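Architecture and fold: a report
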Amino acid sequence: ELPPSEFMQVADSTWLVLSVVSNGREPPGCQATGVTKIARSVIAPLAEHHVSVLMLSTYQTDFILVRERDLPVVIHTLAGEFDIYKEESGECVPVTCDDVSNGFLKPKPAASPTLHPVQSPQTRFCVLTVAPDTLPAIATMLIDVLFYSHSPPWDAATGSQDLDSITFFSFSLIEGYISIVMDAETQKRFPSDLLLTSSTGELWRMVRIGGQPLGFDECGIVAQIAEPLAAADISAYYISTFNFDHALVPEEGIAEVIQLLQQRQESSR
């Protein structure tokens, strides 16, 4: 419904959403541990089969987006480990490899993925949710933050923002559930009694992946972060965007995360 515009870029691919559920259900109100819990079983196998993914963590759960044309490879890759269902008219219908065998080509072994640089701004972030019925009470503030607040100055000489104070605000509304990621200073502008977070109220630090826009054809970008964090049992909140990928980790663990990722960079050389 959006009118065509020279200012709007649209990726060529159509994407499908995978929702990964443990043991057939998720405990109500469970705050997910992000990419850590699905790194070995989903993200790494898809990367090995040269499937590009977009990752979206929310306050409630995690979603993996895959290109529609890659669906046969995705199903063949995951069918040995998972029961796979598709949604038809609101009902979950089992999917087997036979359903997508027509046109399936065994993927070629993927080349070693590029290890992109990672950067960690000093900004501290909050991961929040809002009860849908209270959304109107913060709607004006949301609009102001999303569209009218001033961003940190853009450095024309380097073509990048000062990463000491990166601007990042994420709002998602999925099946009635709302997730918000904002920096701790922006959170102070909202009514504190309407923003819900974990009982610990922990703050998060960001690792941003990529020194330039990543595009959508490369595989293994999410795995670059997810696999070492999973091996160290460090939870992460991961958000792929049009230009870059972002992993949020608990503030107290940021030094260990940076060390792990630097070691991976060095070992690949």
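Residues numbered from 1 in each chain as written. Predicted model: local features only at pLDDT ≥ 70, side-chain atom pairs only at ≥ 80, totals over all residues. Heavy atoms only, no water.

The name recorded for the protein in an unreviewed UniProt entry is Cytosolic arginine sensor for mTORC1 subunit 1, from Pteruthius melanotis. Note on the protein: under the UniProt heading Subunit (unreviewed entry), the record states "Forms homodimers and heterodimers with CASTOR2. Interacts with the GATOR2 complex which is composed of MIOS, SEC13, SEH1L, WDR24 and WDR59; the interaction is negatively regulated by arginine. Interacts with TM4SF5; the interaction is positively regulated by leucine and is negatively regulated by arginine." (UniProt positions renumbered as here; feature names shortened; annotations may be inferred.)

Below, the discussion takes up the confidence of the model for the protein. Per-residue confidence for the protein gives a mean pLDDT of 82; residues scoring 70 or more make up 81%. Strand β8 (residues 154-155) is the least confidently modelled element of the protein, averaging 48 in pLDDT, while strand β11 (residues 177-183) averages 94, the highest of any element. When the criterion is pLDDT under 50, residues 24-32 qualifies, and its contacts beyond four places in sequence or with other chains add up to 15 contacts. Confidence drops under pLDDT 50 across residues 153-159; counting only partners more than four residues distant or on other chains, this segment forms four contacts. (pLDDT = per-residue confidence, 0-100. Helix = DSSP H or I, 4+ residues; strand = E, 2+ residues; numbered from the N terminus. Contact = heavy atoms within 4.5 Å.)

Another aspect to go through is helix α2 (residues 71-78). Extensive coverage of α2 is indicated by the burial of six of its eight residues. Along its buried surface, α2 packs onto β1 (15-19), α1 (39-48), β3 (62-67), β4 (84-88) and β5 (91-95). (Buried < 20%, exposed > 50% of the residue type's maximum accessible area, 1.4 Å probe, protein only.)

By convention here, two paired aromatic rings are described through the distance between centres and the angle between planes. Summed over all chains, the structure comprises two aromatic pairs. Relative to F168, the ring of F125 has its centre 6.0 Å away and its plane inclined at 85 degrees; by these criteria the two rings are edge-to-face. Of this pair, F125 sits in strand β7 (residues 124-128) while F168 sits in the loop between β9 (160-161) and β10 (170-174), and the two are 43 residues apart along the sequence. By relative accessible area, which is 9% here, F168 ends up buried. (Phe/Tyr/Trp six-rings, centres within 6.5 Å; stacked < 30°, edge-to-face > 60°.)

All right, on to helix α3 (residues 135-148) then. Its 14 residues place the ends of α3 19 Å apart at the C-alpha level, agreeing with the 20 Å of an ideal helix rising 1.5 Å per residue. Of all bends in α3, the biggest is about 35 degrees, found at M141. Buried within α3 we find I138, L142 and V145. At its buried positions, α3 is contacted by β10, β11 and α4 (184-187). (Expected span 1.5 Å × (residues − 1). Bend = angle between axes of the 7 residues up to and from the residue.)

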